[in-house]
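Architecture and fold: a report
The chain contents come next:
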Amino acid sequence: MSLYTSSAVQKAKQRRAHARPELSDEQKQEIKEAFELFDTDKDGCVDYHELKVAMRALGFDMKKAEVLKILRDHDKTGHSLMDFEDFVKIMSEKILARDPMEEIRRAFHLFDDDNTGKITLRNLRRVAKEIGDRLEDDELQAMIDEFDLDQDGEINEQEFFAIMTDDA
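Residues numbered from 1 in each chain as written. Predicted model: local features only at pLDDT ≥ 70, side-chain atom pairs only at ≥ 80, totals over all residues. Heavy atoms only, no water.

Section: the nonpolar core
In this structure, L51, M55, M82, F87 and M91 are the most contacted members of the largest nonpolar core, which totals 21 residues. Of all the secondary structure elements, the ones that give two or more residues to this core are α2 (25-38), α3 (48-57), α4 (64-73) and α5 (84-96). Core analysis: the second largest hydrophobic core is formed by 10 residues, I104, A128, F160 and F161 among them. (Core = buried A, V, L, I, M, F, W, Y, C linked by side-chain atoms within 4.5 Å. Buried < 20%, exposed > 50% of the residue type's maximum accessible area, 1.4 Å probe, protein only. Helix = DSSP H or I, 4+ residues; strand = E, 2+ residues; numbered from the N terminus.)

Structure representation (structure tokens):
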């Protein structure tokens, strides 16, 4: 391989390494659906309340002042409204800036509602019921047993991380 080719290969690798991350088609669809669902008057814009609820639906529970600032910064009409294009831009940036490990930690705490640091059969049963999944206790226990590395009958945060990152 010549020196020139080697240099070109290195530059191509660097460009790939520094390529801007992009949303998946599923994430783009979620943003679109959130906007359409919460644009309750179907005017192609969201007001403060619609924006706050749409952001929460996408996993961003923000304080009133933060939502108002976002709305002010992107209000083209002076009517405290945000159009779909700006909503997509803002939500794309927010989703791409998420820390995957923090997201997994938040998911763990949704299961661990009693703050024991473990996901128990009771926790799993509650979540299954909340999402309308009619699983029997033996099926739920089998899920726990499959990933319970320390064999204590519960899933701790480390085991949950392993499940969520496919290291289990």
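Quick word on the pattern of salt bridges
A side chain of one charge can pair with a side chain of the opposite charge when the charged atoms of the two come close. Within this structure, the stated rule accounts for 15 salt bridges. Here D61 ties to R56 by a salt bridge, and the two come within 3.2 Å at their closest N and O atoms. The shortest N-O distance in the salt bridge between R122 and D113 comes to 3.4 Å. (Salt bridge = Lys/Arg side-chain N within 4 Å of Asp/Glu carboxyl O.)

Notes on a negative patch on the surface
On the surface, a cluster of negative charge is made up of D133, E136, D138 and E139. Within the fold, E136 resides in the loop between α7 (121-130) and α8 (137-147). Take E136: its relative accessible area is 52%, and that puts it in the exposed class. (Patch = residues over 30% accessible without salt bridge, like charges linked within 9 Å, V, L, I, M, F, W, Y side chains within 5 Å. Areas by Shrake-Rupley, 256 points an atom, 1.4 Å probe, with all protein chains shown as cover. Lys, Arg positive; Asp, Glu negative; His and termini not counted. Charge placed at Lys NZ, Arg CZ, Asp CG, Glu CD.)

So, the environment of E157
As for its position among the elements, E157 is in helix α9 (residues 157-164). Distance in space between the C-alpha atoms of E157 and I104 is 9.2 Å, their sequence separation being 53 residues. Not counting residues up to four positions away in its chain, the partners in contact with E157 are R105, F108, H109 and G117. In terms of polar contacts, E157 uses its side chain to reach the side chain of R105, at 3.3 Å. (Contact = heavy atoms within 4.5 Å. Polar contact = N/O pair within 3.5 Å; in protein donor to acceptor, adjacent residues only side chain to side chain.)

Here we look at the packing of aromatic side chains
Any pair of aromatic rings gets described here by the distance separating the centres and the angle formed by the planes. Applying the stated criterion across every chain, the model contains four aromatic pairs. Judged by centre distance (5.1 Å) and plane angle (70 degrees), the rings of F35 and F84 are edge-to-face. Here F84 lies in helix α5 and F35 lies in helix α2, a separation of 49 residues in the sequence. Exposure remark for F35: the relative accessible area of 4% places this residue in the buried category. One aromatic cluster is present, formed by F35, F84 and F87 through successive ring pairs. (Phe/Tyr/Trp six-rings, centres within 6.5 Å; stacked < 30°, edge-to-face > 60°.)

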